[in-house]
Amino acid sequence: MAFDLGITHLILEMDSLLVVHMLQSKKGVDGLAWILFSDILHLLSMFSEYCVQHIFREGNFVADYMAAIGQNFSHGITMFPEPPNGIDSILHRDALGTLFPRS
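The rules behind each value
- Residues numbered from 1 in each chain as written.
- Predicted model: local features only at pLDDT ≥ 70, side-chain atom pairs only at ≥ 80, totals over all residues.
- Heavy atoms only, no water.
- Helix = DSSP H or I, 4+ residues; strand = E, 2+ residues; numbered from the N terminus.
- Buried < 20%, exposed > 50% of the residue type's maximum accessible area, 1.4 Å probe, protein only.
- Phe/Tyr/Trp six-rings, centres within 6.5 Å; stacked < 30°, edge-to-face > 60°.
- Axes fitted to C-alpha atoms, helices over the stretch in contact; angles between N-to-C directions.
- Parallel < 35°, antiparallel > 145°, perpendicular 65-115°, else oblique.
- Left-handed = near helix turned anticlockwise from the far one by under 90°.
- Contact = heavy atoms within 4.5 Å.
- Nonpolar A, V, L, I, M, F, W, Y, C, P; charged D, E, K, R; others polar.

Asks: Teacher, can you tell me more about the overall build of the protein chain here?
Replies: A count of helical and extended segments in the protein chain gives 4 helices and 2 strands. Mapped from its N terminus to its C terminus, the protein chain presents α and β elements in the order β-α-α-β-α-α. The dimensions of the protein chain, computed from C-alpha atoms along their principal axes, are 40 × 30 × 30 Å. When the 103 residues of the protein chain are sorted by exposure, 17% land in the buried category.

Asks: Help me understand unusual backbone geometry, please; the structure alone is not making it clear to me.
Replies: As a rule of thumb, non-glycine residues mostly have phi less than zero, and peptide bonds are mostly trans rather than cis. Its identity as a non-glycine residue notwithstanding, Lys-26 has a phi of 60 degrees, on the positive side. Assignment of secondary structure puts Lys-26 in the loop between α1 (17-25) and α2 (33-45).

Asks: I would appreciate a short explanation of the packing of aromatic side chains in the present structure.
Replies: Aromatic rings considered in pairs are described by the distance between their centres and by the relative angle of their planes. According to the stated counting rule, one finds 2 aromatic pairs in the structure shown. Note on Phe-3 and Phe-47: the rings are 5.9 Å apart at their centroids and 90 degrees apart in plane angle, and the pair reads as edge-to-face. You can see Phe-3 sitting in the segment before β1 (9-14) and its partner Phe-47 sitting in the loop between α2 and β2 (49-54), a full 44 residues away along the chain. Using a relative accessible area of 11% as the deciding quantity, one classes Phe-47 as buried. Measuring from ring centre to ring centre gives 5.4 Å for Trp-34 and Phe-37, while their planes differ by 40 degrees; the resulting arrangement is tilted. Separated by 3 residues within a single helix, Trp-34 and Phe-37 lie in helix α2, roughly one turn from each other.

Asks: Is there a simple way to explain the packing of helix α3 (residues 61-70) against helix α4 (residues 87-95) in this structure?
Replies: Helices that pack against each other are described as a pair by the angle of their axes relative to one another and the distance between those axes. It is the contact of α3 with α4, at a shortest axis distance of 10 Å, that shows an interaxial angle of 165 degrees. As the angle between them shows, α3 and α4 are arranged roughly antiparallel. You can see that α3 and α4 cross each other, and the crossing is right-handed. Residues Phe-61, Val-62, Tyr-65 and Met-66 of α3 form the contact with α4, whose participating residues are Ile-87, Ile-90 and Leu-91. Class assignment for the residues of the contact of α3 with α4 results in 7 nonpolar, no polar and no charged.

Printed below as a string of structure tokens:
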């Protein structure tokens, strides 16, 4: 989706340090997980530049919120033409530097 929107430089943040290290080193994956891993690397290669970096779970609140919303949908990909309800306020609080402590 980001590529289709004309985005050429991507920052991918995730709270799994292990996956960040595997994507940065492009190794450490075998078996069936390699299929998913190679697909991710292929998608990342479509961008002129990309950066994969670790972020603590508290800084990944939007992803947690979206994952919770996703539990209400059937399997597959759901595209949102506009941010779902609640995302705007989370992004606004994030831009202000609001901390989201672990619950």
